[in-house]
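Architecture at a glance
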Amino acid sequence: MTRVLSELEPAFGLFSRVKVGPGRSAGYRMGTPEHLAQLRATAGAVVYENSRYDSTYVTDRPGLDAAFEAGVPVMHLGQVDGMRAVMDGYPADWLTVLLWCPKESTAARSADRGDADTPARLAAWDATKADLDANLGFRFDLVVRTDTVPPEQAAEQIRQALAEREQQLVLLDFDDTLIDRLTAVTAWISGYCAEHGMAPEAEQRMLGAMQIRADLHTFEDLCAELGLPESADQLWARYNAELPVTVQPYSGVLDALNAVRTEGWRVVVVTNGGAEIQRAKLKSSGVADMVDAVCISEEAGARKPDRLIFETAAASVGRSLAQGGWMVGDNAEVDVVGGREAGLRTVWVSHGRSWPGGAEPDYIARDVLDALDHVRGGAR
């Protein structure tokens, strides 16, 4: 089944548990008792451990980290408690699948393979059945009868079930997508210039420099060019303190975010900028309380359109870019092109502008409310 899945989608790959003991080594990372002791001694390294067939099997955190980096891990587990332990101990968008066949089919398959341990495998079937009966409250996302459904069809069912979840992640730009940054910046510049009696030309120059992005370097350039009455450091500190309390989300945004999350979506803000001012704006605007996570370039070590920041944002809610999702933003280059190159579907928030050209996004929205409506509809 795993082989057919990887043929359908190369991103699928078997997660090789650490195995310590005799028997088959294919599909495992064979370890030693010393290796097992080291894993047990490292806090958080063992996500789940069980014993069967005179061997110990370990689902380890370092192995899972590497598997998710590589793509979509396929994990083989035979106990409900193991599935719960992994889902609780390593949060991700897990798809749980029960591959089931009658006991007589298990016996026939074992005989056909020439297994030397058929009685042990049948005992494992009995133990698995008892485990399922004891955990009737556990609901699998998908149940496949492997005695009636061929591997190719079953693998396609699994792939399709995961694809249906593909859209349940939405990454959102912040400035001028969720909040009206431009209006706040314009008002701040106007107030500053009025306070110091500055000419309209200076006001326009400041707006031109700060319209898209403002940081300490921006103020250093403006101080040098315009001879502003404060140092760049003083001006940057004042801007950080004064601007966040004035920003407002666009009308209806907070309710829309709440609705999206209520439907089961994971919502992450992905924004370029400094951590201090962005987090202050997120809190002041109320957006911070309406999303699952925030990924800021200064903290992530990468800026949009770098793929790394999208990967970091997805991972912050236990997702992988291999599962897909949406990127919504008002910047054609960093949000749309960057999102597309990261493997995401994209929505451009136009604010009435015409698309500037190049490969178009999946959808052009009037505003973020229109964008979120499309994303939600596209998932149904």
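Structure report, in brief. Model, not experiment: these values are computed from the prediction.

In space, the six strands of this open sheet follow the order β11-β10-β9-β12-β13-β14, with parallel pairing throughout. A single partner strand is all that each edge strand has here, and the edge strands are β11 (293-296) and β14 (363-365). Sheet twist, expressed as the mean angle between neighbouring strand axes with direction ignored, is 20°. Sheet analysis places strand β9 (residues 169-172) next to strand β12 (residues 326-329), joined by three bridges and oriented parallel.

Further remarks concern helix α11 (residues 232-242). Each α-helix turn comprises 3.6 residues. Residues three or four places apart therefore point the same way. Three or more residues of α11 are buried, namely Ala232, Leu235, Trp236, Arg238, Tyr239 and Asn240. Taken together, the buried residues of α11 touch α8 (181-195), α9 (200-210), α10 (216-226) and α13 (275-285).

Let's shift gears to the pattern of salt bridges. Enumeration according to the criterion identifies 26 salt bridges in this entry. Note that Arg121 is salt-bridged to Asp117, the shortest N-O span being 3.0 Å. Given a relative accessible area of 24%, Arg121 falls into the partly exposed group. Where Arg238 meets Glu230, a salt bridge forms, and the shortest distance between an N and an O atom there is 3.4 Å. For the pair Arg238 and Glu230, one class covers both residues: buried. Each of the salt bridges in this network shares a partner with another, and the network as a whole consists of Arg113, Asp115, Asp117 and Arg121.

All right, on to the packing of aromatic side chains then. Remark: the centre distance and the inter-plane angle together describe each pair of aromatic rings, the angle taken between the planes. Following the criterion strictly, the structure yields 12 aromatic pairs and no others. Measuring from centroid to centroid gives 5.6 Å for Phe68 and Tyr90, while their planes differ by 15°, and the two rings are stacked. Separated by 22 residues along the polypeptide, Phe68 in helix α3 (residues 61-70) and Tyr90 in the loop between α4 (80-89) and β7 (97-100) bring together distant segments of the chain. Just as Phe68 is buried, Tyr90 falls in that class too. Taking the centre distance of 5.5 Å and the plane angle of 10° together, the rings of Trp188 and Tyr192 count as stacked. Of this pair, Trp188 and Tyr192 both sit in helix α8, separated by four residues, roughly a single helical turn. The pair Trp188 / Tyr192 is uniform in exposure class, with both members buried.

What follows covers the pairing of strand β10 (residues 266-271). Extensive coverage of β10 is indicated by the burial of five of its six residues. Strand direction decides the pairing type here: β10 and β11, joined by four bridges, are parallel. Residue Val270 lies in a different strand from β11, and its bridge partner there is Cys295. Between β10 and its parallel partner β11, the chain crosses via α13, and the hand of that crossover is right-handed.

The biggest cluster of nonpolar side chains holds 49 residues, and the ones touching the most others in it are Trp188, Met206, Met210 and Tyr239. In this structure, Met206 is in contact with Trp188, Ile189, Tyr192, Cys193, Met198, Leu222, Leu226 and Leu228, ignoring residues within four places of it in sequence. Ala302, Ala313, Ala314 and Met327 belong to the second largest nonpolar core, which has 17 residues in total.

This brings us to α4. Taken residue by residue, α4 has Val80, Gly82, Met83 and Val86 as its buried positions. Taken around the axis of α4, the buried residues stretch over an arc of 160°, which confines them to a single face. Where α4 is buried, its residues meet β4 (46-52), β5 (55-60) and α6 (118-134).

The next thing to look at is unusual backbone geometry. Between Lys304 and the following residue, Pro305, the backbone shows a cis peptide bond with an omega angle of 15°. For Pro305, the position within the fold is in the loop between α14 (297-300) and α15 (307-315). The phi dihedral of Asp176 falls on the positive side, at around 65°, and the residue is not glycine. Inspection of the secondary structure assignment puts Asp176 in the loop between β9 and α8. Under the relative-accessibility criterion, Asp176 is labelled buried at 12%. Despite not being glycine, His351 shows a phi value in the positive range, around 50°. For His351, the position within the fold is in the loop between β13 (345-349) and β14. With a relative accessible area of 36%, His351 lands in the partly exposed category.

Glancing now at the side chain of Asn240. Inspection of the secondary structure assignment puts Asn240 in helix α11. Other than its neighbours up to four places away in sequence, Asn240 contacts Glu276 and Ile277.

This next bit is on the packing of α8 against α9. It is the contact of α8 with α9, at a shortest axis distance of 10 Å, that shows an interaxial angle of 150°. Judged by the twist between their axes, the crossing of α8 over α9 is right-handed. Facing Arg181, Leu182, Val185, Thr186, Trp188, Ile189, Ser190, Tyr192 and Cys193 of α8, the residues of α9 in contact are Glu203, Met206, Leu207 and Met210. A per-class count over the contact of α8 with α9 returns nine nonpolar, two polar and two charged.

Moving on: the sheet that holds β4. What the four strands build is an open sheet, ordered β3-β2-β5-β4; its pairing is mixed. Both edges of this open sheet fall to β3 (29-30) and β4, since each of them pairs with a single strand only. By the bridge criterion, three bridges tie strand β2 (residues 18-20) to β5 in an arrangement that is antiparallel. Looking across to β5, one finds that Val20 is bridged to Thr56. Packing against the sheet, helix α2 (residues 33-41) makes contact with β2, β4 and β5, and its axis sits at approximately 40° to β5. Each of β3, β4 and β5 touches α3; the most contacted strand, β5, lies at about 55° to it.

How each quantity is defined
- Along each chain, residue indices are assigned from 1 in the same order as the chain's sequence is written.
- Totals for whole chains, interfaces and linings use all residues, but because this is a predicted model, local features are given only for residues with pLDDT of at least 70 and pairs of side-chain atoms are given and counted only at 80 or more.
- To get the side-chain values, take all heavy atoms of the structure and skip hydrogens and water.
- Being paired, for any two strands, means DSSP has found at least two bridges between them.
- Each helix is a run of DSSP H or I of at least 4 residues and each strand a run of E of at least 2, with the numbering of both proceeding from the N terminus.
- Here the axes come from fitting lines to C-alpha atoms, over the contacting stretch only for helices, and the angles between their N-to-C directions go from 0 to 180 degrees.
- Burial classes: relative accessible area under 20% of the type maximum marks a residue as buried, over 50% as exposed, and values in between as partly exposed (1.4 Å probe, protein chains only).
- Note on definitions: a residue-residue contact is assigned when non-hydrogen atoms from the two residues lie within 4.5 Å.
- Salt bridges, as used here, are contacts in which a Lys or Arg side-chain nitrogen is within 4 Å of a carboxyl oxygen on Asp or Glu.
- Aromatic rings from Phe, Tyr and Trp, with only the six-membered ring used for Trp, were paired whenever their centres fell within 6.5 Å, and each pair was classed as stacked if the ring planes differed by under 30 degrees, edge-to-face if by over 60, and tilted otherwise.
- Classification remark: right-handed applies to a crossover when, strands pointing away from the viewer, the course from the first strand over the helix to the second runs clockwise.
- We call a set of buried Ala, Val, Leu, Ile, Met, Phe, Trp, Tyr and Cys residues a nonpolar core when their side-chain atoms join them within 4.5 Å.
- Relevant arc is that of directions from the helix axis to the C-beta atoms, nothing else.
- The sense of a crossing depends on the near helix, which, turned anticlockwise from the far helix by less than a right angle, makes the crossing left-handed and, turned clockwise, makes it right-handed.
- All residues other than Ala, Val, Leu, Ile, Met, Phe, Trp, Tyr, Cys, Pro, Asp, Glu, Lys and Arg, Gly among them, are scored as polar; the first ten of these are nonpolar and the last four charged.

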